[in-house]
Amino acid sequence: LQLLTTAQARKEVFEHPLIHPLAKQGAFDGVISKLPGVDRVPRPSYMPSADFAAALIDLVGVQFGTDGSVTVSHVPVGWGNDEHITKVIKALNSKVAAAERDSAALQEELATWFDHSMERVSGWYKRKTQLIVLVVATILVIVSNADGLRYAHALSTNATVREAVVAAAGNLA
């Protein structure tokens with residue numbers, strides 16, 4: 001969850017009452033949490049964008065002025081002096097028409113921002129997965145000495161080999 005710039009911010013979002021029940025502590029979380037100096041909160045495998053937006057609004061204390069302005073009343077301690085969250089909320093709120101500035105409209109914009117960010121993460125994940133599959137397949141081919149061209153040539157030129165493969169396939173069926 002790199003939308004939040006500090007580990008403390010991510011931890012507090014994962015511990016929020018809307019998000020925490022979505023997480024299930026796995027075996028990996030149990031092992032990691034026992035290491036000295038590690039403070040890892042179980043993370044959900046899926047987080048609805050509306051829940052993320054509501055948790056973020058709650059944690060930073062978004063307030064709406066009578067003139068349609070929006071302010072962040074407090075960025076929790078440990079979220080750093082980085083104004084990232086305040087800038088994001090103000091930028092998203094500026095997209096909402098002045099007549100519609102309220103918590104629901106801001107929550108909708110935050111949820112959309114979250115969804116777009118997660119789509120980018122999905123793209124990164126797909127690219128990394130493709131690379132890993134290519135590397136693993138290459139290693140398996142090299143280790144098993146699999147030469148598809150040699151096998152195709154042997155099957156096309158040697159009738160005995162071809163008949164043996166057909167017989168073995170018939171036995172499996």
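Residues numbered from 1 in each chain as written. Predicted model: local features only at pLDDT ≥ 70, side-chain atom pairs only at ≥ 80, totals over all residues. Heavy atoms only, no water.

Let us look at the overall build of the chain. What the chain contains, in helices and strands, is seven helices and two strands. Counting from the amino terminus, the chain carries its helices and strands in the arrangement α-α-α-β-β-α-α-α-α. For the chain, buried positions account for 28% of its 173 residues. Taking all contacts inside the chain whose residues are at least 6 apart in sequence as the whole, residues at least 24 apart take part in 57%. Roughly 11700 Å² of accessible area belongs to the chain as shown, and the carbon and sulfur atoms make up 60% of that amount. (Helix = DSSP H or I, 4+ residues; strand = E, 2+ residues; numbered from the N terminus. Buried < 20%, exposed > 50% of the residue type's maximum accessible area, 1.4 Å probe, protein only. Contact = heavy atoms within 4.5 Å. Areas by Shrake-Rupley, 256 points an atom, 1.4 Å probe, with all protein chains shown as cover.)

All chains considered together, the criterion is met by one aromatic pair. For the pair F52 and F114, a centre-to-centre distance of 4.5 Å together with 25° between the ring planes defines the contact as stacked. Taken together, the positions of F52 in helix α3 (residues 49-60) and F114 in helix α5 (residues 103-144) put the pair 62 residues apart, joining distant regions of the chain. Each of the two residues, F52 as well as F114, counts as buried. (Phe/Tyr/Trp six-rings, centres within 6.5 Å; stacked < 30°, edge-to-face > 60°.)

Before going further, it helps to examine the pattern of salt bridges. Tallied over the entire structure, the rule returns one salt bridge. For the salt bridge of K11 with E15, the shortest nitrogen-to-oxygen distance reads 3.7 Å. Separated by four residues within a single helix, K11 and E15 lie in helix α1 (residues 7-15), roughly one turn from each other. (Salt bridge = Lys/Arg side-chain N within 4 Å of Asp/Glu carboxyl O.)

It is worth spelling out the packing of helix α6 (residues 148-157) against helix α7 (residues 159-172) at this point. Interhelical geometry of α6 versus α7 gives an angle of 105° and a closest axis separation of 5 Å. It follows that α6 is roughly perpendicular to α7 by the angle criterion. Facing A154, L155, S156 and T157 of α6, the residues of α7 in contact are A159, V161, R162 and V165. Residues that form the contact of α6 with α7 fall into these classes: five nonpolar, two polar and one charged. (Axes fitted to C-alpha atoms, helices over the stretch in contact; angles between N-to-C directions. Parallel < 35°, antiparallel > 145°, perpendicular 65-115°, else oblique. Nonpolar A, V, L, I, M, F, W, Y, C, P; charged D, E, K, R; others polar.)

What follows covers the confidence of the model for the chain. Low-pLDDT portions of the prediction should not be read for the details of their coordinates. Looking at the chain, pLDDT values average 77 and 72% of them are 70 or higher. Per-element confidence in the chain is highest for α7, whose mean pLDDT is 89, and lowest for helix α4 (residues 84-94), whose mean pLDDT is 64. (pLDDT = per-residue confidence, 0-100.)

On the surface, L131, L134, V135, I139 and V143 cluster together into a nonpolar patch covering about 500 Å² of accessible area. Of note, I139 is situated in helix α5. With a relative accessible area of 47%, I139 lands in the partly exposed category. (Patch = residues over 30% accessible without salt bridge, like charges linked within 9 Å, V, L, I, M, F, W, Y side chains within 5 Å.)

Here we take up the environment of F52. Take F52: its relative accessible area is 0%, and that puts it in the buried class. Taking C-alpha positions, F52 is 7.9 Å from L18, a pair spaced 34 residues apart along the chain.

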